[in-house]
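Topology and contacts: notes
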Amino acid sequence: MRFDELWLASVGTCLPPVLTVAEAARQGWCGAEQDGWTGVAVAGDIAPADLAVRAARTAMDRSGIDPALVGLLLHVTSAPQGPNGWCPQHYIEHRVVGHGAPAIELRQGSAGMLNAFDLAAGHLARPGPGAVLVTNGDNFGVEPATGYDPAVRWRCATNAGTNRGSILGDAGTAAVLSNRGGFARVRSIVNRSLSDLEEMYRGDERIFPPPVAADGPVRLGNRFAAYDAKSPGRLATALRRLRDARTGTAEEALADAGVTAADVTRVLHVFAGDERYVKHVLKPLGIDHTRGMLEFGRNLGHLGSGDQVAALEHLVLTGQLEPGDRVLVMANGTGIAVGAAVLEILHRPEWTA
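One structure accompanies this document, and this report is about it.

Cut-offs used in this document
Residues numbered from 1 in each chain as written. Predicted model: local features only at pLDDT ≥ 70, side-chain atom pairs only at ≥ 80, totals over all residues. Heavy atoms only, no water. Phe/Tyr/Trp six-rings, centres within 6.5 Å; stacked < 30°, edge-to-face > 60°. Helix = DSSP H or I, 4+ residues; strand = E, 2+ residues; numbered from the N terminus. Buried < 20%, exposed > 50% of the residue type's maximum accessible area, 1.4 Å probe, protein only. Lys NZ or Arg CZ within 6 Å of the ring centre and 35° of its normal. Pairing = 2+ DSSP bridges. Axes fitted to C-alpha atoms, helices over the stretch in contact; angles between N-to-C directions. Contact = heavy atoms within 4.5 Å.

**Side note on the packing of aromatic side chains**
All told, the structure shown has 4 aromatic pairs when counted by the stated rule. Measuring from ring centre to ring centre gives 5.7 Å for Phe183 and Trp351, while their planes differ by 90°; the resulting arrangement is edge-to-face. Residue Phe183 is located in the loop between strand 9 (171–178) and strand 10 (184–193), and its partner Trp351 is located in the segment after strand 13 (337–345); the two are separated by 168 residues in the primary sequence. Assessed through its relative accessible area of 15%, Trp351 is described here as buried. Ring centres 5.8 Å apart and planes at 80° place the aromatic pair Phe271 and Phe296 in the edge-to-face group. One end of the pair, Phe271, is in the loop between strand 11 (264–268) and helix 8 (275–282); the other, Phe296, is in helix 9 (residues 294–297), with 25 residues separating them in the sequence. Like Phe271, the residue Phe296 is buried in the burial classification. Positioned above the aromatic ring of Tyr91, the side-chain terminus of Arg95 is 3.7 Å from the ring centre. In this structure, Arg234 is placed above the aromatic ring of Tyr227, and the distance from its NZ or CZ to the ring centre is 3.9 Å.

What follows is the structure, encoded as structure tokens:
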């Protein structure tokens, strides 16, 4: 869908210190070779919601928008956030916005930010000035059954043919969207789901009571293998469908924005350690992999829902985007959800000085 009055006022991140693959290997948490990954952001005992609060405060300060104008907070998550029955979105609203704005959690994985942007656009179509705060925070250093485990994030590295062995990094990210202006215009957003493929992420595990076992939460490779074992070859078919859907949403977003792939300066995508995955994502669009975010992302790990916002902040802060540049945002998440958006950079924000 095309938008003419939707702006990105600011972004912010909270990126913890990076642990190198070499150091993790010395500790015995992983092997020396990790599909091209060079490091991973590790938050230790910082709660996911606190990572989100720190990123949100940065984004709000940079936006210059009065918190009273924030009419909605959307908190995007990939991993467990805290005690059962507790709502991290209200914790974040209380500490960052503070006037009782509606606060909603979206459990959408790596596609969550684009889903949140879509919902924000609907809210901001209301008359009058307004803003929506979108947050994300994840800490992947725990096992639900056993607590903190410094090795757990490395165990997702072999994902049974996904072309991107995932190592999970911790981060908080945030974005402020506005209907009155910003440093970038959101030209289009497209979101889709392949809900019939949910079994690929479920494998042969029961869905109720929820399994809380030491081998459960992030070993997607085991689930993918179980999915394929029921009918050999269907995992490959599912991944082709995912690729085609991801490409299709990007093509639709570009068309809605009135631009072509040749007009795209950079692409923000799910992080990977190896250029094979970036080529796999961008080649069907005719976009060279060098316009992706390989070098930045491979040193942080896959940040759950936060890859694209972290990448955008990096490009803005390092002066790699100029007024008039078009940025394609692509995402695919568990479930399966796919999404794409096109941003147009209007000016260099004051907070880059």
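Having seen it, we continue.
**A short note on the sheet that holds strand 11**
The strand order 5-4-6-9-1-10-13-12-11 describes an open sheet built from 9 strands, whose pairing is mixed. Edge positions in the open sheet fall to strand 5 (103–107) and strand 11, since each of these has one partner strand only. Mean inter-strand twist for the sheet, computed between neighbouring axes without regard to direction, equals 25°. Two strands pair when backbone bridges link them, and strand 1 (residues 7–14) and strand 10 are joined in this way by 2 bridges, in the antiparallel orientation. The residue bridging Trp7 from the neighbouring strand is Arg185, located in strand 10. Of the strands in this sheet, strand 1, strand 9, strand 11, strand 12 (326–333) and strand 13 touch helix 10 (residues 307–317), which is tilted by about 100° from strand 1.

**Focus: the pairing of strand 6 (residues 131–138)**
Side-chain positions along a regular strand alternate between the two faces of the sheet. Of all 8 residues in strand 6, 8 are buried, a share of seventy percent or more. Going residue by residue along strand 6, you find Ala131, Leu133, Thr135 and Gly137 tucked away on one face and Val132, Val134, Asn136 and Asp138 tucked away on the opposite face as well. Pairing geometry for strand 4 (residues 70–77) and strand 6, over 6 bridges, is parallel. Pairing of Leu72 across the sheet is with Val132, part of strand 6. One ladder, built from 8 bridges, connects strand 6 with strand 9; its direction is antiparallel. Each residue of the ladder has a partner; that of Asp138, found in strand 9, is Ala171.

**Digging into the pairing of strand 11**
Of all 5 residues making up strand 11, 4 are buried, and the element is well covered by its neighbours. For strand 11 and strand 12, the ladder comprises 4 bridges, and the chain directions are parallel. Of the residues in strand 12, the one forming a bridge with Leu268 is Val329.

Just geometry here; none of it tells us what the structure is for.
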